[in-house]
Amino acid sequence: MRILVVGGGGREHAIAHSLSRSGGVHKIFVAPGNAGIREIASIVPVRADDIENLVRFARTEQIDLTVVGPEQPLVLGIADRFEQEGLAIMGPSAAAARLEGSKAFAKAFMQRHDIPTARHRTFGASDYDEAATYVKECGAPIVVKASGLAAGKGAVVCATVDEALETLAFMLRERAFGAAGEEVVVEEYMTGEEASVFALSDGKEYLLFAPAQDHKRIGEGDVGPNTGGMGAYAPVPIVTDDILRAVRNRVVAPTLHGMAAEGYPYRGVLYCGLMITEEGPEVVEYNCRFGDPEAQVVLPLLADDALDLFEATARGALRGSALSMRSGAAACVVLASGGYPGRYETGFAIEGLEQAAAHRDVLVFHGGTAPSLKEDDVPGRGSDTVTSGGRVLGVTGLGRDLRAALDRAYEAVGHISFEHMQFRRDIGKKGLRPS
Ligand code: AMP
Ligand code: GLY
């Protein structure tokens, strides 16, 4: 089969890698891809949100299945357009992708279906005063979120009422998040540990991957601003069998059932971002796709054929399929540009990629990398890959347990360098704690 993967980060590298191991795959294209992905796939110079050109490409190249990595094209309706054209695609419709594209929709949906989540209220652009009154009633800590897509930066955990009021003013009055902040969700602060659970759903049936844990903050010990994710590991010991059962029965099943009942059957990857509270798992957020970097640990642990599963998901034929994970664990350490998640420079030569990838049980996934156009222009010693984004690489180690997986990952990280590189040295630490 001929496959098109849409996106160009570490998640898409991991998706393409998992597909490349399938005997049924003859050729993989990735749009727009990056410097690492071009080693296993053909790069297509089309942006992930350029839906019409992706449709054209899929038709011309007779693509049998398209797999969508990021949320923007899904929220913009890429799955609807492909389906109109009779092209198979794995990803939810725009209506179903509102679970991620509109936090206001997602919260109201959870309320309608009695799915556990933080108490909340939604406010519109002209409701600042009402929102401020609600914040003062609730007190701090409290969470203020832009309802629309904000590249992972739209949720602000506020330690004080004043900070929450400033954030409200920033979003509703100053329009700092543009259209994404025209509506805001104000919600109760939840305590507990976070975990991400991914379901593959064909609209009727679903299968779960092993739970993963992301590391959202930039700093070790979970301090500093939120990022797209600085590392991940799977499986997650705090998600015991009992908790996973609760996730199935109280979150995943009612979500998929509710979406179908409301007329938006969910076909694709449903990401349940959870807080494991004392009362059990509660939903922090839904996403309409795999997490990044979580995909970089979950997909390498997949024991079954990724193509079979993705195809069955896209075609509504998951009934009878099984999804099993390999034994052992995976851990991914993200290497980021200095300054990220704030301003950072790019174009720095990356050294040591080959040595790192030569390690057994190590996969080096590329996020923000580009081929260097002219090697002479790049400082360093003839590297042909340069940094081009905030999260540059994800280095995944696999092992018989989390300790071994982390050791593999950090050994490989030791080979890699680029100017102003930063990474967290405490990835997976929480998973090692005796329970
Ligand atoms: P979101 O964009 O909704 O995933 O939020 C980003 C991050 O903010 C989450 O991964 C949590 O770490 C934190 N967060 C969001 N909502 C809450 C909440 N209600 N209580 C505690 N932390 C939250
Ligand atoms: N790692 C968080 C996300 O993909 O949204």
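Bear in mind that the values here come from a model prediction, so they are computed numbers and not experimental data.

A. Region of the structure containing the pattern of salt bridges. Scanning the model with the defined rule gives 27 salt bridges in all. A salt bridge links Asp49 to Arg47, with the nearest nitrogen and oxygen atoms 2.9 Å apart. The partly exposed category is assigned to Asp49, whose relative accessible area is 35%. On the basis of relative accessible area, Arg47 is assigned to the exposed category, the value being 57%. Counted as one network, the salt bridges with shared partners bring together Glu52, Arg59, Arg81 and Glu85.

B. Region of interest: the side chain of Asn34. Its location among the elements puts Asn34 in the loop between strand E2 (27-32) and strand E3 (42-43). A distance of 2.9 Å separates a polar side-chain atom of Asn34 from the backbone oxygen of His366. Ignoring any residue separated from it by four or fewer positions in sequence, one finds Asn34 in contact with Gly8, Gly9, Ile43, His366, Gly367 and Thr369.

C. Molecular detail of the sheet that holds strand E17 (residues 280-287). Ordered in space as E11-E10-E16-E17, the 4 strands form an open sheet in which the pairing is antiparallel. Only two strands of the sheet have a single neighbouring strand rather than two, namely strand E11 (206-208) and E17. Taken over all neighbouring pairs, the strand axes of this sheet differ in orientation by 35 degrees on average, direction set aside. Docked against the sheet, helix H11 (residues 306-314) engages strand E10 (193-202), E11 and strand E16 (267-277), running at close to 70 degrees with respect to E10.

D. Representation of the site of ligand 2 within the structure. Asp214, Lys216, Gly228, Tyr271, Asn287, Arg289, Gly291, Asp292, Pro293 and Glu294 make up every residue found near ligand 2. Within the contact set of ligand 2, a nitrogen atom lies 3.1 Å away from a backbone nitrogen or oxygen of Gly228. One of the side-chain nitrogen or oxygen atoms of Glu294 is found 2.7 Å away from a nitrogen atom of ligand 2. Protein coverage of the free-state accessible area of ligand 2, which is 190 Å², stands at 89%. In the shell around ligand 2, the residues fall into 2 nonpolar, 3 polar and 5 charged.

E. Broad picture of the packing of aromatic side chains. Counted under the stated rule, the structure contains 11 aromatic pairs. An aromatic cluster is present here, built from Phe198, Phe209, Tyr271, Phe290 and Phe310 joined pairwise through their rings. The ring of Tyr134 has Arg121 sitting right over it, with the charged end atom 5.2 Å from the ring centre. One cation-aromatic arrangement involves Arg173 over Tyr128; the distance from NZ or CZ to the ring centre is 3.8 Å.

F. Layout of the site of ligand 1. Within the structure, ligand 1 sits among 15 residues, and Glu187, Glu188, Met190, Glu194 and Glu285 are positioned closest to it. Contacts to ligand 1 include Met190, whose backbone N or O atom sits 2.8 Å from a nitrogen atom. For ligand 1, an oxygen atom lies 3.0 Å from a polar atom in the side chain of Lys216. When isolated, ligand 1 has an accessible area of 470 Å², and the protein chains bury 93% of it. Looking at the shell around ligand 1, the elements with two or more residues in it are strand E7 (142-146), strand E8 (155-158), strand E9 (184-188) and E17. Per-class residue counts for the shell around ligand 1 are 7 nonpolar, 1 polar and 7 charged.

G. Inspection of helix H6 (residues 103-112) at higher detail. Of all 10 residues that make up H6, 7 are buried, and the element is covered over most of its length. Residues of H6 that are buried include every one of Lys103, Ala104, Phe105, Ala106, Lys107, Phe109 and Met110, and no others. Elements in contact with the buried residues of H6: helix H5 (94-101), strand E6 (120-123), E7, E9, helix H9 (241-261) and E17. Where H6 ends, the next residue or the one after it, Asp114, has phi of about 60 degrees, a positive value.

H. Quick look at the sheet that holds strand E1 (residues 2-7). Spatial strand order, E3-E2-E1-E4-E5: 5 strands in an open sheet with parallel pairing. The open sheet has two free edges, formed respectively by E3 and strand E5 (89-90), since each of these has just one partner strand. Bridge count between E2 and E3: 2 bridges; the pairing is parallel. Residue pairing for E3: Val30 is matched across the bridge by Ile43. Against the sheet, helix H1 (residues 10-20) makes contact with E1, E2 and strand E4 (65-68), and its axis sits at roughly 165 degrees relative to E1, the strand it touches most.

I. Spatial organisation of the packing of H1 against H11. Put simply, H1 and H11 touch, their axes get as near as 7 Å, and they point 110 degrees apart. Comparing the axis directions of H1 and H11 gives the class roughly perpendicular. Contacts between H1 and H11 involve Ile15, Ser18 and Leu19 from the former and Ala306, Leu307 and Phe310 from the latter. A class-by-class count of the residues in the contact of H1 with H11 yields 5 nonpolar, 1 polar and no charged.

J. Region of interest: the pairing of E7. The buried fraction of E7 amounts to 5 of the 5 residues, a majority that puts the element mostly inside the structure. A two-sided burial pattern is seen for E7, the buried positions comprising Ile142, Val144 and Ala146 on one face and Val143 and Lys145 on the other. Relative to E8, E7 runs antiparallel, the two being bridged by 4 bridges. In the sheet register, Val144 faces E8, and the bridge partner there is Val156. Pairing geometry for E7 and E9, over 5 bridges, is antiparallel. Directly across from Ala146, in E9, lies its bridge partner Val184.

K. Spotlight on the nonpolar core. Of all hydrophobic cores here, the largest spans 72 residues; its most connected members are Ile78, Leu99, Tyr286 and Leu335. Excluding residues within four positions of it along the chain, Tyr286 makes contact with Leu99, Glu100, Ala106, Phe109, Met110, Ile115, Thr255, Leu270, Tyr271 and Cys272. Ala88, Ala234, Val298 and Ala314 belong to the second largest nonpolar core, which has 49 residues in total.

Thresholds, definitions, all that
- Residues numbered from 1 in each chain as written.
- Chains lettered and ligands numbered in written order.
- Predicted model: local features only at pLDDT ≥ 70, side-chain atom pairs only at ≥ 80, totals over all residues.
- Heavy atoms only, no water.
- Salt bridge = Lys/Arg side-chain N within 4 Å of Asp/Glu carboxyl O.
- Buried < 20%, exposed > 50% of the residue type's maximum accessible area, 1.4 Å probe, protein only.
- Helix = DSSP H or I, 4+ residues; strand = E, 2+ residues; numbered from the N terminus.
- Polar contact = N/O pair within 3.5 Å; in protein donor to acceptor, adjacent residues only side chain to side chain.
- Contact = heavy atoms within 4.5 Å.
- Pairing = 2+ DSSP bridges.
- Axes fitted to C-alpha atoms, helices over the stretch in contact; angles between N-to-C directions.
- Near = heavy atom within 4 Å.
- Areas by Shrake-Rupley, 256 points an atom, 1.4 Å probe, with all protein chains shown as cover.
- Nonpolar A, V, L, I, M, F, W, Y, C, P; charged D, E, K, R; others polar.
- Phe/Tyr/Trp six-rings, centres within 6.5 Å; stacked < 30°, edge-to-face > 60°.
- Lys NZ or Arg CZ within 6 Å of the ring centre and 35° of its normal.
- Parallel < 35°, antiparallel > 145°, perpendicular 65-115°, else oblique.
- Core = buried A, V, L, I, M, F, W, Y, C linked by side-chain atoms within 4.5 Å.

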